Amino acid sequence: MITVALSQAKTYGGIGAILALLGGAIPKIGSALSIVGIVLILLAVKEIADEVGDETVFRNYLISFILQIGAFIALIIAIVAVLGTSIIAMGGPRAFEHEIRNLEAAMAIIGSILVGFVIFWILFSLGAYYLKKSYELIAYYTDVDLFKTTGLLYFIGALTAIIMIGLLIIFVARILEIVAYFSLPEELPSKQSSVII
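Rules of the game
Residues numbered from 1 in each chain as written. Predicted model: local features only at pLDDT ≥ 70, side-chain atom pairs only at ≥ 80, totals over all residues. Heavy atoms only, no water. Helix = DSSP H or I, 4+ residues; strand = E, 2+ residues; numbered from the N terminus. Buried < 20%, exposed > 50% of the residue type's maximum accessible area, 1.4 Å probe, protein only. Contact = heavy atoms within 4.5 Å. Salt bridge = Lys/Arg side-chain N within 4 Å of Asp/Glu carboxyl O. Phe/Tyr/Trp six-rings, centres within 6.5 Å; stacked < 30°, edge-to-face > 60°. Axes fitted to C-alpha atoms, helices over the stretch in contact; angles between N-to-C directions. Parallel < 35°, antiparallel > 145°, perpendicular 65-115°, else oblique. Left-handed = near helix turned anticlockwise from the far one by under 90°. Core = buried A, V, L, I, M, F, W, Y, C linked by side-chain atoms within 4.5 Å. Expected span 1.5 Å × (residues − 1). Arc of directions from axis to C-beta.

Visitor: Looking at this structure, how should I read the overall build of the protein chain?
Guide: On a plain count of helices and strands, the protein chain comes out with seven helices and zero strands. Going from N to C terminus, the protein chain has its helices and strands arranged as α-α-α-α-α-α-α. Sorting the 197 residues of the protein chain into buried and exposed places 38% on the buried side. Looking at the protein chain alone, contacts between residues at least 24 apart form 70% of all its contacts between residues at least 6 apart.

Visitor: Help me understand the pattern of salt bridges in this model?
Guide: Side chains that carry opposite charge are capable of pairing whenever their charged atoms lie near each other. Counted by the stated rule, this structure contains four salt bridges. With its nearest N and O atoms 3.3 Å apart, the salt bridge here joins D50 to K46. Taken together, the residues span about one helical turn, with D50 and K46 both in helix 2 (residues 30-52) at a distance of four residues. Overall, D50 belongs to the partly exposed group, its relative accessible area being 45%. Across the salt bridge formed by E55 and K46, the nearest N and O atoms sit 3.3 Å from each other. Taking the relative accessible area as the measure of exposure, E55 reaches 36% and is therefore partly exposed.

Visitor: When you look at unusual backbone geometry in this model, what are you seeing that I'm missing?
Guide: Only a minority of non-glycine residues have a phi that is not negative, and only a minority of peptide bonds are not trans. Backbone geometry places D143, a non-glycine residue, at a positive phi of 65 degrees. With respect to the helices, strands and loops of the structure, D143 is situated in the loop between helix 5 (103-142) and helix 6 (146-159).

Visitor: Help me understand the packing of aromatic side chains, please; the structure alone is not making it clear to me.
Guide: How two aromatic rings sit relative to each other is set out by the distance from centre to centre and by the angle between their planes. If you walk through the whole model with that rule in mind, you get eleven aromatic pairs. The interplanar angle of 85 degrees and the centroid separation of 4.9 Å between the aromatic rings of F147 and Y181 together place this pair among those described as edge-to-face. Here the residue F147 occupies a position in helix 6, and Y181 occupies one in helix 7 (residues 165-182), the gap between them amounting to 34 residues. No difference in accessibility class separates F147 from Y181, as the two residues are buried. What links up through ring pairs into an aromatic cluster is the set Y61, Y135, F147 and Y181.

Visitor: Whenever I open this one, the packing of helix 6 against helix 7 confuses me. Can you help?
Guide: When two helices pack together, their arrangement is given by the angle between the helix axes and the distance between those axes. Running from amino to carboxyl end, helix 6 crosses helix 7 at an angle of 160 degrees, the nearest separation of the two axes being 8 Å. By the angle class used here, helix 6 and helix 7 are roughly antiparallel. Like other packed secondary-structure pairs, helix 6 and helix 7 cross with a definite hand, here left-handed. Only G166, I169, I170, V172, A173, R174, L176, E177, V179, A180 and Y181 of helix 7 make contact with helix 6, whose side of the interface consists of L146, F147, T149, T150, L153, Y154, I156, G157 and A158.

Visitor: What's the story with the environment of I69 in this structure? I'm lost.
Guide: Turning to its location among the elements, I69 is positioned in helix 3 (residues 55-89). Taking the C-alpha atoms as reference, I69 lies 8.9 Å from G127; in sequence the two are 58 residues apart.

Visitor: Mind showing me how you'd approach the nonpolar core here?
Guide: Note on soluble globular proteins: their nonpolar side chains tend to be buried together. Core analysis: the largest hydrophobic core is formed by 35 residues, its most contacted members being V45, I48, V57, Y135, F147 and Y181. Going through the elements one at a time, helix 1 (2-23), helix 2, helix 3, helix 5, helix 6 and helix 7 are the ones with two or more residues in this core. Per-element accounting of this core gives the leading share, nine residues, to helix 5. Non-local contacts of F147, meaning those with residues more than four positions away in its chain, are made with Y135, I138, A139, T142, A180, Y181 and L184.

Visitor: Explain helix 6 to me, please; I cannot follow it from the model alone.
Guide: Every α-helix winds through 3.6 residues per turn, so residues three or four apart in the chain are directed the same way. Taking 1.5 Å of rise per residue, the 14 residues of helix 6 would be expected to cover 20 Å, and the 20 Å separating its terminal C-alpha atoms lies within 8% of that figure. Among the residues of helix 6, those classed as buried are F147, T150, G151, Y154, F155, G157 and A158. Viewed end-on, helix 6 has its buried residues packed into an arc of 165 degrees, placing them on one side of the element.

No statement about biological role is implied by the geometric values presented.
Here it is, written out as structure tokens:
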């Protein structure tokens with residue numbers, strides 16, 4: 001039963017990580033591929049959590065997933081709300097086109113979008129922190145230390161996403177994530193009952 005569970009986790013996680021990575025590069029169907037990839041990774045983490053008997057593994061990953069989805073939703077809402085409010089306040093689209101040249105109006109819009117981005121960054125970084133915690137536990141239970149490295153890189157990448165270098169670090173983390181899942185052992189190494197918190 002251990003072999004089956006980890007084999008499924010290896011397949012789900014590896015394929016899911018590939019789809020999540022490629023999704024951003026493929027036009028039209030890229031978003032759908034990314035979603036399928038994320039769902040497969042969720043299934044893989046759930047399989048691992050069930051096999052090691054530690055629901056914290058999955059709970060941390062689920063919190064990460066929810067926070068990161070919330071981050072993107074917050075950013076979209078901020079942008080839509082700012083643009084919508086600006087158009088209405090200025091008397092419609094034509095007035096908006098005219099008034100956007102006004103430095104005050106432009107600065108107000110940029111400032112509001114920046115607030116949305118800061119909220120996005122905070123939620124995204126928190127999500128990466130919980131992903132890091134989940135992957136540290138997976139590394140502990142499976143002896144695949146690459147999970148620990150992947151989680152750390154995701155977290156560093158999220159913290160530095162405010163400058164463009166963070167996106168490169170996240171890209172590297174995504175590649176390592178693929179390798180980590182395909183490196184899962186067929187059987188779990190024996191561990192004592194102590195759990196990392």
